[in-house]
Amino acid sequence: MKKLALLFFLAFVAPVFLSPLSEARLSPRKAILQNGLTVVTSEQKALPMVTISLLIEAGSRFEPEGREGLANIAARLLTYGTKSRTALQISETLDFLGATLSTACGEEAASVSMTLLKKDLDTGLQLLAEILSASTFPAEEIDRQKQSVIASIRAREEDPGQVAQVKFIATLFPKSPYGRPVEGTAESVKRVDRPGLLEFYQKYYRPNHAILTVVGDVSHQEAIDRLGKAFRPWEKGGASVGPAPRPAPGAPTVIKINKDLTQANIILGHEGVPRAHPDYYAIQVMNYILGGGGFSSRLMESIRNQRGLAYSVYSAFEPEKYAGSFQVSMQTKNESAGEAIRVAVEEIYKIREQGATEEELKAAKDYLIGSFPLRLDTNRKVAVFLSQVEFFSLGLDYPEYYPVIIRAVTREDVLRVAKRYLQPEKLIVVVVADQTKAALKTPLDTGRGL
Amino acid sequence: MRIFFLSLILLSWVASAHAQNFQIREAVLDNGLKVLLLEDHKSAAVTFQVWYRVGSRNEIDGKSGLAHFLEHMLFKGTPKIAPEQYSRIIAENGGNSNAFTTPDHTVYFATMSREKIGVEIELEADRMTNALLNGTYFAPEKMVVMEERRLRTEDNPAAALGEVMAAVAYAVYPYRRPVIGWMSDILNLSRDDLHRFYQTYYAPNNAFIVVVGDFDSENISAKIKQEFGKIQRGAEPPKVTLEEPPQRGERRTALKKEAELPLVASYYHVPNLQSADGFALDLLSVILAAGRSSRLYQDLVYRKQIATGVEADYDGLSIGPSIFSVSAQVMPDKGPAEVERAIDELIAKVRAEPVGERELQKAKNQVEAAFVFGQDSIFGQAMRIGQFESVAKWQLINSYLPGIRAVTAADVLRVAKKYLDPDRRTVGTLIPTKGQAQ
């Protein structure tokens, strides 16, 4: 097996970091296999287990119009039949090893996650290579998945938080793949067929559009050797997956959805920034102070602690590769929906007008820097983290430069990004509630003429 | 947080040690506070947890939700620490902190670096005896808890069904009351209630500490002793003496509520993990519904396509009498009766015929692998140690895998016959209603 190593070249070796007191070392290393598959590894020997995470550019934004939900069904069907195994044989194999293998689909990428004992690594890699290169999409499995997805679209309707989220995203990114749920609709799912799935799979499930991260009790070289062997049959595809989408944000509006609920589920927000945006880090510091900082945030203090209006309230700038969103999310009893919105909007105005104090800035920076290692305290977290670092092209030295960038953010930066990227005049407000009890005025009474 | 977990959620940790024994160090301070330490240097973090042996099972009728409300109020300051400063201090030191209440315990925790963990130790020692509870934050925090109840239970159909079913399955034992409390009880809780409960149950001799992660045992023991050692031992808190009488005959209940898909669930009375039958019950739940090759999944979700998903849980890590639950969400256009019938047929089969050797081995492999995977997280390990300590003694962890390995097909058959008896169960159905709001 050693000679296979010659087929690959080592692209990058990062130095060791993290606290020298613990044994914790990420020591991430990267290589690109001959078939174009990017591999990132981090050897963690404490437990006899391995976690594998695959990200592949096969998300819903690549699916053809009218077949919304196809990418999701393709991802789900990966473990339902290959050239040499039936769906039941695949689940029997995994369950007998006590291994977990799951697939998921987002707007940009589909993902596959696998955790198994080290002794079962070869069996697992073999299976993983098979589902990525030799899935067969049996007709009866397609029907079964379509039924299952249609049921989950139905079930989502009983989660008011999800109902609000789906509506918010649809209003924020109209006529864009980013604006529709990855699952599609019951109607579009019904139109998904086998030729369409096979075509999508052949085109997008290609190693040169994928990042495979291996974290656990396996060295870089051993991982590369074993992957080279197992993934040899997976052939490279075309170079480009298509142009980057440029979604245009929807107009500000207030949307009320009526349901028999005790609480109003509220989302208010607007466009954000993509991950590569130069102000991304300053925005994260500002948002920590506004509503991202858990019990330390202003929204939590004013809405939960002082007024008792909500159990959970937070704000987030969620970055995607080519777009982003800003949203405040909270739940309050129907009757106080208007008050909660007014207070949240006021906090947005306040930080735009006054910025943050020196103490708030220091607290935000100390948390973001100090808690960074906690984001890497399990193999699973490390696997997801390294996949994201690679997907967003942040560089494997990200954990080293992150504290430096955060430390450099100033009060002026916070004020500047608050003014520029918080845009209360552009707010899209979605309220899922018993609307009779919520009795929201139109336009909303925010005291700011929203 | 101020979060509360249903005990069922905690179950997932049952099935998780690397095949060798946990190297846990135990010490007991003079005031009765037990300290359990597990060094684990694979990540640069320490999780520190204080477990109070008090939960909703210690409440009385009319005062449900008291343990949980008190947990919230422990974030409202002491003479030294201003309201809400606790979370801020931990965050400024790069830590994540929170708390949760279960039927059996109330747990406060933070995860942070070894250099900073002393901050958490000082804050936890302070609020073990010095919490104020009577600040101006009392009224708004009560509203927060009511919002929490609306969020987690009132507007969550599955949780709402679980609450109704527990109230029917337990006639006497306090597990019949929800951890978060009935809405009218929460509304009526007073400052005096909080004070009495705090005085009664928050004492070093009614708590234990679990620390897992990247620390030095000698140093951290000294720090814990320094901060907690000065706290006086309290009076012994009253014991829960209630016992659940045996159930003789099936109980049925239904919940009509705004929802999309029906749910069907059965709760069977079972002993906790201290019983020798616990290991076989654990494997039985795996055989029934863990993984896509499991019996219920294959039949209801895959072959018949009458359920969107199935679950079987053995909640063995409870102090009081436990529940074995089986549940399924019904596919659109299928009926709950059909799903219940299909589940009943499979339960009847597992009570009539022994499981195959390979099927049993598969279940054992699943439990053993999950046990190893569970050690990936220091927080998960601390949770597991705490749960075992609260139910039995933490030492039971080290007999868990040997216990699982020793189970035979005859054992599984025997426990299925004994416990999955329709006369000992409560069946609950969620019946969706829609569009009732005007």
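Residues numbered from 1 in each chain as written. Chains lettered and ligands numbered in written order. Predicted model: local features only at pLDDT ≥ 70, side-chain atom pairs only at ≥ 80, totals over all residues.

With respect to the sheet that holds strand E8 (residues 251-258) of chain B
All names here are of chain B. Quick reminder of the rule: DSSP-based pairing: two strands are paired if at least 2 bridges between them are found. Helix and strand labels come from DSSP, where a helix needs a run of H or I of at least four residues and a strand needs a run of E of at least two; each type is numbered from the N terminus. All axes here are fitted lines through C-alpha atoms, helices being fitted over the stretch that makes contact, and every angle between N-to-C directions spans 0 to 180 degrees. Residue pairs are scored as contacts if the distance between their C-beta atoms, which are placed from the backbone, is within 7 Å.
Taken in spatial order, the five strands line up as E8-E12-E9-E11-E10 in an open sheet, and their pairing is mixed. Edge positions in the sheet fall to E8 and strand E10 (307-314), since each has one partner strand and no second. Each adjacent strand pair in this sheet contributes to an overall mean axis angle of 15°, direction not counted. Sheet topology note: the E8/strand E12 (residues 425-433) ladder contains eight bridges and is parallel. Its bridge partner being in E12, arginine 251 is matched across the sheet by threonine 426. Across the face of the sheet, helix H6 (residues 157-169) comes into contact with E8, strand E9 (263-270), strand E11 (322-330) and E12 while running at roughly 155° to E8.

Observations regarding the domain arrangement of chain A
Residue and element names in this part refer to chain A. Here is the rule: Where a domain begins and ends is set by an automatic assignment or by a domain database. Asp, Glu, Lys and Arg are counted as charged, while Ala, Val, Leu, Ile, Met, Phe, Trp, Tyr, Cys and Pro are counted as nonpolar; the rest, among them Gly, fall into the polar class.
For chain A, the assigned domains read domain 1 (2-230) and domain 2 (253-438). Contact residues are listed per partner, giving 34 residues for domain 1 and 32 residues for domain 2. For the side of domain 1 that touches domain 2, the elements supplying multiple residues, two or more each, are strand E3 (38-43), strand E4 (49-56), helix H5 (160-172) and strand E7 (210-216). The greatest single-element share of the side of domain 1 that touches domain 2, amounting to nine residues, is contributed by H5. Classifying every residue of the side of domain 1 that touches domain 2 by side-chain character gives 19 nonpolar, eleven polar and four charged.

A short note on the interface of chain A and chain B
Listed per partner, the contact involves 68 residues of chain A and 59 residues of chain B. Mapped by element, the contributors of at least two residues to the side of chain A that touches chain B are helix H2 (87-97), strand E6 (110-117), helix H4 (139-156), helix H10 (298-306), strand E11 (324-333), helix H12 (358-370) and helix H13 (379-391) of chain A. Here the residues of the side of chain A that touches chain B sort into 26 nonpolar, 26 polar and 16 charged.

A closer look at the sheet that holds strand E8 (residues 253-258) of chain A
Residues and elements named next belong to chain A. With mixed pairing, the five strands of this open sheet are ordered in space as E8-E12-E9-E11-E10. Two strands in the sheet have a free side with no partner beyond their single neighbour: E8 and strand E10 (313-319). Along the sheet, successive strands turn relative to each other by an average axial angle of 15°, direction set aside. Along the sheet face, H5 touches E8, strand E9 (263-271), E11 and strand E12 (428-433) and points at about 155° away from the line of E12. Across the sheet, helix H11 (residues 337-354) is in contact with E9, E11 and E12; its angle to E9 comes to roughly 30°.

Considering the domain arrangement of chain B
Residue and element names in this part refer to chain B. With domains assigned, chain B is organised as domain 1 (3-228) and domain 2 (251-433). The partner domain 2 presents 45 residues to the 43 residues of domain 1 that form the contact. Secondary-structure elements contributing two or more residues to the side of domain 1 that touches domain 2 are helix H1 (7-10), strand E3 (34-39), strand E4 (46-52), strand E6 (106-112), H6 and strand E7 (207-213). No other element matches the eight residues that H6 contributes to the side of domain 1 that touches domain 2. Taken together, the residues of the side of domain 1 that touches domain 2 sort by class into 29 nonpolar, ten polar and four charged.

Things to note about helix H5 (residues 138-154) of chain B
Keep this limit in mind: Given a helix with a known number of residues, its expected span is that number minus one, times 1.5 Å. Between the buried cut of 20 or more and the exposed cut of 12 or fewer other C-beta atoms within 10 Å of a residue's own C-beta lies the partly exposed class, and all C-beta atoms are placed from the backbone.
With 17 residues, H5(B) extends 23 Å between its outermost C-alpha atoms, agreeing within 8% with the 24 Å of an ideal straight helix rising 1.5 Å per residue. Burial analysis of H5(B) places twelve of its 17 residues in the buried class, the great majority of the element. When H5(B) is considered as a whole, its buried residues turn out to be Glu141(B), Lys142(B), Met143(B), Val144(B), Val145(B), Met146(B), Glu147(B), Glu148(B), Arg149(B), Arg150(B), Leu151(B) and Thr153(B). Buried residues in H5(B) make contact with E9, H10 and E11 of chain A together with helix H2 (66-73), H6 and helix H7 (183-188) of chain B.

Examining the pairing of E6(A)
Residues and elements named next belong to chain A. Among the eight residues that make up E6, seven are buried, leaving the element largely enclosed by the rest of the structure. In the sheet, E4 pairs with E6 via eight bridges, with the strands oriented antiparallel. Bridging across to E6, threonine 51 finds its partner in threonine 115. Here strand E5 (residues 100-105) runs beside E6; their pairing, made up of six bridges, is antiparallel. Opposite cysteine 105, over in E6, you have alanine 110 as the bridge partner.

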